[in-house]
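Chain residues, written in single-letter form:
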Amino acid sequence: MELTGQIERVTFTSEETGYTVARVKVYGQRDLVTVVGSIMSPSPGEILKMTGEWAHHPSYGEQFKIKSYKTEVPATVYGIQKYLGSGLIKGLGPKMAARIVKKFGKETLDIIEHQAERLSSIDGIGKKRIGMIRKAWQDQKEIRDVMLFLQSHGVSSGYATKIFKTYGNRSIAVVRDNPFRLAMDIFGIGFVVADGIAEKLGVPKDSPARAQAGIIYVLHKLSDEGHVYFPYENLIRKCDDILDVNRDVIVSALTELSQARKIVIEDLIDSIQDTGGNHKAVYLTKFHLCETRAAEKLQVLMHAPRPGASMDVEKALAWVQKEISIDLAPSQSEAIRNALMSKVMVITGGPGTGKTTIINALLKILSKRRLKTLLAAPTGRAAKRMQETSGHTAKTIHRLLEYSMQNGGFQKNEDDPLECDLLIIDEASMVDTLLMHHLLKAVPRHAALI
């Protein structure tokens, strides 16, 4: 549906997302209409030409949900005064707006745009304020131009707001030059949306930029399915399904992405049985980095000296069985021996096979030796269960590594490692490559890892 009205007041607006709740005066309707949706810098007095649909909110009643919109400056004296006095222009409040409109009437906005120096005839407006008014008016004009351009090319008002927030008055130039940058730069705008914008702009299907963006999109989708890399030939087929272009275009785009270090193409080791010409693996660069660095860090850990190396393991085993009043099964005793003698170890087994007993026995032995142990798990639930069964404090891996979005991510790393002699990670199969990379960065060289 289409709806046109003038903003009477803005109930709520988010500077971050543009999400707005406003009350609008619609011609022919006595009561104000509530409209909701993404509107860039809404101002009372502004006229909105909206497309969208009616919806009923359980708490706030009938609302018009905006899908797209165009803005127009008001034409009536009342609307112009409300528009100028809304805080739209820094340095112009309701009283000054009333004085300007009283003098210039319906010509006010035209004078601001083309003959702003005439404002000096009004008391209280000097050169400095005229400069502020000119700049604010130009900024609003650019917002309107960008939003109009984007929405005329099929971009929803929500996406248009995100684009303007990211690129500002460069938005039109960026989108025209390479609409696929949107998929790379702006969260929530994926390849499919960017591809739709590119099509409306007339970007050819076999454009190198489109092929490169499509490859990155496919690799991200495959990573969501659990793939750290994907075989080269299989990837080309997957990309062809999405892009529908000649194979040479995809191959050329893969080469360009590799040279730009956005992907890594690596030969597979000879021992892997090749069944379809897949001699190469294709990684997103971040996954290749995390996988290789994790392997390097594990090598360093395994070859560094182990704390408590002089421990009499058999004596410790006999002591701990008395402490926990359990006769350990041969496989459990063997696991504890290996854990006390190894730098890096995996303990695996189904429910009820004795993993918790092994860990609890280890914790008792290491506490007796005054070695510091840290416990962590990928999720809060797993960490809580670990703490309950062991009697020792357990944290999520993110809390252990002191993750902070405000401070740029994980605070624990090679420069500020964890303080421990042994780190035990429960539910390790739930830890992905990226998180394992950051975890291993924070494990000190002397520590053991289970």
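All chains use their own residue numbering, which begins from 1 and follows the written sequence. This being a predicted model, a pLDDT of at least 70 is required before a residue's local features are given, and a value of 80 or more before pairs of side-chain atoms are given or counted; all residues contribute to the totals for chains, interfaces and linings. Just so you know, side-chain values use all the structure's heavy atoms and leave hydrogens and water out.

A. Looking closely at the overall build of the chain. In this text, helices come from DSSP runs of H or I with a minimum length of four residues, and strands from runs of E with a minimum of two, each type numbered from the N-terminal end. What the chain contains, in helices and strands, is 18 helices and 14 strands. Note on method: radius of gyration uses C-alpha positions; expected globular size equals 2.2 Å times residues raised to 0.38. Scaling as 2.2 N^0.38, a compact globule of 450 residues should have a C-alpha radius of gyration of about 22 Å, whereas the chain reaches 32 Å, well beyond that. Dimensions along the principal axes, computed over C-alpha positions, put the chain at roughly 100 × 55 × 45 Å. Working definition: with a 1.4 Å probe on protein chains only, accessible area under 20% of the residue-type maximum means buried, over 50% means exposed, and in between means partly exposed. Relative to its 450 residues, the chain shows a buried fraction of 45%.

B. A look at the sheet that holds strand S1 (residues 2-13). Pairing between two strands is assigned when DSSP locates at least 2 bridges connecting them. Pairing is mixed in the closed barrel, where five strands are placed in the order S1-S2-S3-S5-S4. When the angles between neighbouring strand axes are averaged without regard to direction, this sheet yields 50 degrees. Lines fitted to the C-alpha atoms define the axes, with helices restricted to the stretch that makes contact. Angles between their N-to-C directions range from 0 to 180 degrees.

C. Representation of the sheet that holds strand S7 (residues 263-267) within the structure. An order of S6-S8-S7 is seen for the three strands of this open sheet, with the pairing classed as antiparallel. Bordering the open sheet on either side are strand S6 (229-231) and S7, each of which pairs with just one other strand. For this sheet, the mean inter-axis angle between neighbouring strands, taken without regard to orientation, is 25 degrees. In terms of strand pairing, S6 meets strand S8 (residues 280-284) through three bridges, oriented antiparallel. Bridging across to S8, Tyr229 finds its partner in Tyr283.

D. Up close: unusual backbone geometry. Even without being a glycine, Ser41 presents a positive backbone phi close to 50 degrees. Position of Ser41 relative to the elements: it lies in the loop between strand S3 (33-38) and strand S4 (47-57). One non-glycine residue, Arg370, adopts positive backbone phi at about 60 degrees.

E. Quick look at helix H14 (residues 330-341). Multiplying one less than the number of residues by 1.5 Å gives the expected span of a helix. Along its 12 residues, H14 runs 17 Å from first to last C-alpha, staying within 8% of the 16 Å computed at 1.5 Å per residue. Taken as a whole, H14 has its buried residues at Gln332, Ser333, Ala335, Ile336, Ala339 and Leu340. Burial along H14 is one-sided: seen end-on, the buried residues are contained in an arc of 160 degrees. Opposite its buried face, H14 presents the exposed residues Pro330, Ser331 and Met341, each directed more than 90 degrees away. Note that the arc is defined by the directions from the helix axis to the C-beta atoms.

F. Focus on the layout of surface pockets. A 1.4 Å probe that fits but cannot get out identifies a cavity on a 1 Å grid over protein atoms alone, an open set with protein on both sides within 12 Å along at least five of seven lines counts as a pocket, and a residue lines either if it has an atom within 4 Å of a point. Grid points are joined across faces, edges and corners, and a volume is the space filled by probe spheres set on the points. In this structure, the largest pocket encloses a volume near 750 Å³. Residue lining of the largest pocket: 32 residues in total, with Ile347, Ile425, Asp426, Glu427 and Ala428 positioned closest to the centre. Among the elements of the structure, helix H12 (285-303), helix H15 (355-368), helix H16 (380-390), strand S13 (422-425) and helix H18 (433-441) are those that each provide at least two residues to the lining of the largest pocket. For the lining of the largest pocket, a count of residues per class yields 17 nonpolar, 11 polar and four charged. In this structure, the second largest pocket encloses a volume near 320 Å³. Every residue lining the second largest pocket is counted, 15 residues in all, and those nearest its centre are Ala183, Met184, Asp185, Ile216 and His220. Contributing elements (two or more residues each) for the lining of the second largest pocket: helix H7 (181-185) and helix H9 (208-224). Looking at the lining of the second largest pocket, the element that brings in the most residues is H9, giving four residues. For this classification, the nonpolar set comprises Ala, Val, Leu, Ile, Met, Phe, Trp, Tyr, Cys and Pro, the charged set comprises Asp, Glu, Lys and Arg, and every other residue, Gly included, is treated as polar.

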